[in-house]
Amino acid sequence: MSNLSRRTFVTAGSLLAGAVSTVGLAHQEARAQNANGFQAAAGAMQGDQNRKREPGLQGIYAVCEVTGGGQKVYGIAAEYDVAIDPRSLTLDTYTTGVVPAAKGYFPGMPQEPDKNATTEAPQPRAAVAIYTNDTPALLADRKSASGRFVIIEFAHDPDLSLPTEDSDKVSLTQRKDVRTTGGKIYAASDTALTNAGRRGNSVTIRGVDAWEQNHWWWNDTRSAWLEYSIYLPKSFLEPGGENKAYPLVLAVTHSGTSYDGTCAQTLTEQCIASIWSLSEEQDRHECVVITPRYERTTMNDYWEHTYDVENTYKLVQSLLSNTWNYGNPNLPDRADKVLKIDPQRVYCTGWSMGAMTSLWLMAKHPETFAAGLIIAGQQRPADVMTLASQKLLIITGTEDGKATPWNEKCVPIWEHAGAKVTRPAEHLDPALIFPVDKQDKLTQQVDGYLAKGGNITFLTFEGVDHMASARKFFYIKAARDWLFRQIKV
């Protein structure tokens, strides 16, 4: 049986926090990666691995991915007891459905309802591909790999900024016979299965299940603390990985993931942190990623901030000390390993409150960060004069009534302090962002502005408001590539 772990989501907020804290570290057991570069997300295996399994369909998983518009269901994984012959599968072998998110749910908004707190029936969702796999995960080429999981894949909207309408609940009915690789027939049935269970919904999330959650930074007296999640690169988990020094990305999320949120929500409500851990991004820019989970808004629009801002910097300092060895001791690929960070490649990014926090941290600790990617955040000009000597890429929208005008006020302050600022009068077209694999024109434009030699580049997209900026701008490949080209001298 595959070495998989359990990820559960439940409807009650208190139960969610308990369930995630119980299983968060166990997610790492399924970091297996298939030949197409997609990580097999750690999913919830139902029952003990050693229990006797009856033949046939064992259960189902919602196969998800976090997008700019929140977490979306991209397919269903049907788990059998033995490998399935993909030649016995057709697009109409199963009927499948996804339960809509609860009314009023919008990813990333403070005090939002639990998206799973709904009694609505599953809405039919058609398969666009069906294949087998050895883990409950999508395959990039949609070609079957030998395995006991049948993957029913749904269509993906190329505009990854569209807000999700999905809960984590899915349903499946096997309408046609299925044949095992050994030739046994598992007969069709009218029984509808759901991924909901006593301990929550069985869910796998690509790029998110590989994180370790519910870590804490403490000061020496343990009078101050900060909760955070961390992504450990694949090569660190391989033999000798502790001998390599890695870039560090501090990704600070927004106020919508504070309050009653959990570590999991900082990774699933938006792609601000999780985009850096996707396998295709790690293939291009391998790095450690950390994202704090705050219990309150840490910085507001009046420039007031809590001590959690400085605690965030102390978390970065603790990682730079090259003494971090808090990997899950139950998993041998990270037990007792000490993580090393390259001090010349420490980066800061965030959106809204996270961008404001990033600007503040870079201004107050200019010796630490190599560069910052600032999405729709602002600061009071007098507080960020030291940014004049640092490397920033600031991206806003014309309809953002706070971030755009406040950064405009900062430009002359930075220039007076010696910065070279590239601030084009032209506004960029957000339609060039999606689909993400066709950004050639946008890349040419962004790289052209970056090549002008400014240590601060300030770009604005036409017609984009504050909320939409989070859903769109992290997908600008040229911006992410620029960040990793920066090295602290």
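Right, let's walk through the structure included here.

Rules of the game
- Residues numbered from 1 in each chain as written.
- Predicted model: local features only at pLDDT ≥ 70, side-chain atom pairs only at ≥ 80, totals over all residues.
- Heavy atoms only, no water.
- Helix = DSSP H or I, 4+ residues; strand = E, 2+ residues; numbered from the N terminus.
- Polar contact = N/O pair within 3.5 Å; in protein donor to acceptor, adjacent residues only side chain to side chain.
- Buried < 20%, exposed > 50% of the residue type's maximum accessible area, 1.4 Å probe, protein only.
- Contact = heavy atoms within 4.5 Å.
- Patch = residues over 30% accessible without salt bridge, like charges linked within 9 Å, V, L, I, M, F, W, Y side chains within 5 Å.
- Areas by Shrake-Rupley, 256 points an atom, 1.4 Å probe, with all protein chains shown as cover.
- Salt bridge = Lys/Arg side-chain N within 4 Å of Asp/Glu carboxyl O.
- Expected span 1.5 Å × (residues − 1).
- Pairing = 2+ DSSP bridges.
- Axes fitted to C-alpha atoms, helices over the stretch in contact; angles between N-to-C directions.
- Parallel < 35°, antiparallel > 145°, perpendicular 65-115°, else oblique.
- Left-handed = near helix turned anticlockwise from the far one by under 90°.
- Nonpolar A, V, L, I, M, F, W, Y, C, P; charged D, E, K, R; others polar.
- Core = buried A, V, L, I, M, F, W, Y, C linked by side-chain atoms within 4.5 Å.

Describing the side chain of R206
Part 1 of the argument: Residue placement: R206 occurs in strand β13 (residues 200-206).
Part 2 of the argument: A polar side-chain atom of R206 sits 3.4 Å from a polar atom in the side chain of S279.
Part 3 of the argument: For R206, the side chain forms a polar contact with the side chain of E280, separated by 2.9 Å.

Some remarks on the environment of D159
Part 1 of the argument: For D159, the location among the structural elements is in the loop between β7 (149-153) and β8 (166-174).
Part 2 of the argument: Under the relative-accessibility criterion, D159 is labelled partly exposed at 22%.
Part 3 of the argument: A sequence separation of 274 residues divides D159 from I433, and the C-alpha atoms of the two residues are 8.4 Å apart.
Part 4 of the argument: Not counting residues within four places of it along the chain, the set of residues in contact with D159 comprises K72 and F434.

Section: a nonpolar patch on the surface
Part 1 of the argument: The grouping of W216, W218 and W225 at the surface amounts to a nonpolar patch, some 310 Å² of accessible area in total.
Part 2 of the argument: Mapped onto the fold, W225 is located in strand β15 (residues 225-231).
Part 3 of the argument: Here W225 falls in the partly exposed class, since its relative accessible area comes to 32%.

Quick word on helix α4 (residues 308-320)
Part 1 of the argument: Taking 1.5 Å as the rise per residue, α4 with 13 residues should run 18 Å; its terminal C-alpha atoms sit 18 Å apart, in good agreement.
Part 2 of the argument: Inspection of α4 places D308, V309, N311, T312, Y313, L315, V316 and L319 among the buried residues, and these make up the whole buried set.
Part 3 of the argument: Taken together, the buried residues of α4 touch β14 (212-218), β15, β16 (245-252), β17 (288-293), β18 (340-351) and α5 (353-364).
Part 4 of the argument: Looking one or two places after α4, you find N322, whose phi comes out positive at around 55°.

A short note on the sheet that holds strand β22 (residues 456-461)
Part 1 of the argument: With respect to topology, nine strands assemble into an open sheet ordered β14-β15-β17-β16-β18-β19-β20-β22-β21, the strand pairing being mixed. Edge positions in the sheet fall to β14 and β21 (421-422), since each of these pairs with one other strand and no more.
Part 2 of the argument: Where β21 meets β22, two bridges bridge the pair, whose relative direction is parallel. Bridged to T422 within β22 is T457.
Part 3 of the argument: Here helix α7 (residues 440-450) sits on the sheet in contact with β20 (392-397), β21 and β22, set at roughly 145° to β22.

Focus on the packing of α4 against α5
Part 1 of the argument: With their axes 10 Å apart at the nearest point, α4 and α5 run at an angle of 65° to one another. One element, α4, and the other, α5, form an angle in the roughly perpendicular class. Crossing of α4 over α5 shows right-handed handedness. Counted together, V309, T312 and Y313 of α4 and T357, W360 and L361 of α5 form the full contact between these two elements.
Part 2 of the argument: Of the residues that constitute the contact of α4 with α5, the class distribution is four nonpolar, two polar and no charged.

Remarks on the pairing of strand β4 (residues 94-100)
Part 1 of the argument: Among the seven residues that make up β4, six are buried, leaving the element largely enclosed by the rest of the structure.
Part 2 of the argument: Here β4 runs beside β8; their pairing, made up of six bridges, is antiparallel. If you follow Y94 over to β8, its bridge partner there is Q174.
Part 3 of the argument: Bridge count between β4 and strand β5 (residues 123-124): two bridges; the pairing is antiparallel. In the sheet register, G97 faces β5, and the bridge partner there is P124.

Description of the sheet that holds β8
Part 1 of the argument: Strand order across the open sheet formed by four strands is β5-β4-β8-β11, with antiparallel pairing between neighbours. The open sheet terminates on both sides in strands that have one partner only, identified here as β5 and β11 (192-194).

A closer look at the pattern of salt bridges
Part 1 of the argument: Summed over the entire model, instances satisfying the criterion amount to 26 salt bridges.
Part 2 of the argument: For the salt bridge of E120 with K103, the shortest nitrogen-to-oxygen distance reads 3.8 Å. Placement of E120 in the loop between β4 and β5 and of K103 in the loop between β4 and β5 is noted, with a sequence separation of 17 residues between them.
Part 3 of the argument: Judged by relative accessible area, E120 falls into the partly exposed class, the value being 32%.
Part 4 of the argument: The salt bridge partner of R334 is E212, with a shortest N-O separation of 3.3 Å. Note that R334 is positioned in the loop between α4 and β18 and E212 in strand β14, a separation of 122 residues in sequence.

Considerations on the nonpolar core
Part 1 of the argument: With 81 residues, the main nonpolar core has Y94, V150, I152, W276, I395, F461 and I476 as its most contacted residues.
Part 2 of the argument: Once residues lying within four places of it in the same chain are set aside, the contact partners of I395 are L373, I374, I375, A376, L459, F461, F473, I476 and A479.
Part 3 of the argument: Core analysis: the second largest hydrophobic core is formed by 49 residues, L315, L339, I341 and W414 among them.

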